[in-house]
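Structural overview for review
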Amino acid sequence: MKRIFYVLIVALLTVACEDEDKFSTGAGMRLDFEVDTLKLDTVFSNTPSSTYKFWVYNRQDNGLRLQTVRLKKGNQTGFRVNVDGIYLDNSNGSQISNVDIRRKDSLLVFVELTAQTTHQLDPKLVEDDLLFVQENGKEQAVNFRAWAWDARKLYDPVIEKDTVIESVVPLVIYGDLTVKEGAELTLRNTTLYFHDAGGMEIYGSLKTEDCVLRGDRLDRMFDYLPYDRISGQWEGLHFYASSTDNELVDTEIRNATDAIVLDQTKLNDAYYSLVMQHCVVHNSKGDGVKVTNAKVLIDHCQLTNAKGDCLAVRGGMAEINYCTIGQFYPFDAERGKAIRFVDEEDCPLKRFVCDGTIATGYAEDVVEGELTTAEVDYSFNNCLLRMPAIDNSHFKDIIWESPTEEIEGKDQFVKIDEENLDYDFHLSEQSTAKGKGCY
């Protein structure tokens, strides 16, 4: 009896294995793909992309044997493919042979791209097809699409004399761009893309006009979320004590760690260390604009969304005219203030004037003054401030915003989309801050 039992077990196992290993070459056999087209966004030429992946499914009742899996254009486009742990070797025609997919099973495909130089100013479409060829000759394909953009790469560039950079070609900075003491760097009509941990170290002076300073990630974290909306992509601008006569005009600085840090060891009230006009400083993982013991003018600027303070002034002299300062940083409930101004014994605040400005955010009080004496010269005039009302001579013609108002906080603006990290700080139709702010 035992012998019969063992024979039955062996027979059942044999049948199961035969059924599991049964492959078909029938005309009706087909694969299902997680995507028909894999979009890799825009990449800089000669720079490896992120890794993308998708699944290939055999939902049939029989196994399916692939004669080849290959890139239609071979190694001509720069795509690199790994199929279920097997690399499509470019030296072998970018293909692999005899790939089995058992019934109800799947394969995982990884894709990367290093696009070749396009020799043109605008991004160029790069595409190829990954072909899955069955033993019966039937072909199925997944299309790969990306845009390659030629850029000039600079590695730890150092500016030692007066220099003007005006470039329609994207400039990608690896490491730090350093402006030496006594040198002046002028940037016009230019976008600088800073690689991870890169930034600007300014010992001389910087002048910008119609520029964008941002991180170099052009791809997406998720389908709905570009990396360019994630804070901390690069280090930001650091102006050292020797730096003077800096002017930023029509310039956007976004997604940095500390976007702008200005150090001064000794205040010289005869000149502005930094003038900002019509600038945007948005989505900083540290402080937006942090000024220590310097004279600054910030005029018609948007300073928004910082894990630290959107604007922090410690000592010195500051004029803030018609700015929109919104503290809606989405990644940390312990975010800082929209405006913080500090007077200390070793770093006295000589003057702080804020006119026509909007300062609002999520918290009930987004404006904070840390003062050692009541004699500090500071004033807020014709502003909208989200804070408890204060009745003294330092505040004139103020709209006091509170959470009990019908229109308050993010309702002041066209778009505050926390889910997609998408913001438009132009005033909404129902805003109570008309005539104030930078827009």
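Each remark here, short or long, concerns the structure printed above.
This write-up is about the structure you can find in this document.

The rules we used
- Residues numbered from 1 in each chain as written.
- Predicted model: local features only at pLDDT ≥ 70, side-chain atom pairs only at ≥ 80, totals over all residues.
- Heavy atoms only, no water.
- Helix = DSSP H or I, 4+ residues; strand = E, 2+ residues; numbered from the N terminus.
- Rg over C-alpha atoms; globule rule 2.2 N^0.38 Å.
- Buried < 20%, exposed > 50% of the residue type's maximum accessible area, 1.4 Å probe, protein only.
- Contact = heavy atoms within 4.5 Å.
- Lys, Arg positive; Asp, Glu negative; His and termini not counted.
- Charge placed at Lys NZ, Arg CZ, Asp CG, Glu CD.
- Phe/Tyr/Trp six-rings, centres within 6.5 Å; stacked < 30°, edge-to-face > 60°.
- Lys NZ or Arg CZ within 6 Å of the ring centre and 35° of its normal.
- Pairing = 2+ DSSP bridges.

**Things to note about the overall build of the protein**
In terms of helices and strands, the protein carries one helix and 41 strands. A compact globule built from 439 residues should have a C-alpha radius of gyration of about 22 Å, whereas the protein, at 30 Å, is more than 25% larger. Taken over the C-alpha atoms alone, the protein extends approximately 100 × 55 × 45 Å along its principal axes. A total of 439 residues make up the protein; the buried ones form 49% of that total. Excluding contacts between residues fewer than 6 apart, the proportion of contacts in the protein whose partners are at least 24 apart in sequence is 59%. Averaging the locations of the 46 positively and 74 negatively charged side chains of the protein gives two centres separated by 8 Å.

**Some remarks on the packing of aromatic side chains**
Under the counting rule described, the total for this entry stands at 23 aromatic pairs. With centroids separated by 6.0 Å and ring planes inclined at 5°, the aromatic side chains of Tyr423 and Phe425 adopt a geometry described as stacked. Assessed through its relative accessible area of 15%, Tyr423 is described here as buried. Residue Phe425 is classed as buried on the basis of its relative accessible area of 3%. By way of ring pairs, the aromatic residues Phe341, Phe352, Tyr378, Phe380, Phe395 and Trp400 are connected into one cluster. A cation sits over an aromatic face here: Arg59 above Tyr57, 4.4 Å from the ring centre. If you follow Arg217 out to its NZ or CZ, it ends over the ring of Tyr227, 3.7 Å from the centre.

**Quick notes on the pairing of strand β25 (residues 280-284)**
Of all five residues that make up β25, five are buried, and the element is covered over most of its length. Direction of pairing for β25 relative to strand β28 (residues 302-306): parallel, over a ladder of four bridges. Note on β28: the bridge partner recorded for Val280 is Gln302.

**A few points about the sheet that holds strand β8 (residues 105-113)**
A sheet is described by the order of its strands in space; here five strands give the open sequence β1-β3-β8-β5-β6, paired in antiparallel fashion. Looking at strand neighbours, the two that pair on one side only are β1 (32-33) and β6 (86-87), the edges of this open sheet. Examined bridge by bridge, strand β5 (residues 79-83) and β8 share five bridges and lie antiparallel to one another. When the bridges of β8 are listed, Val83 appears paired with Val109.

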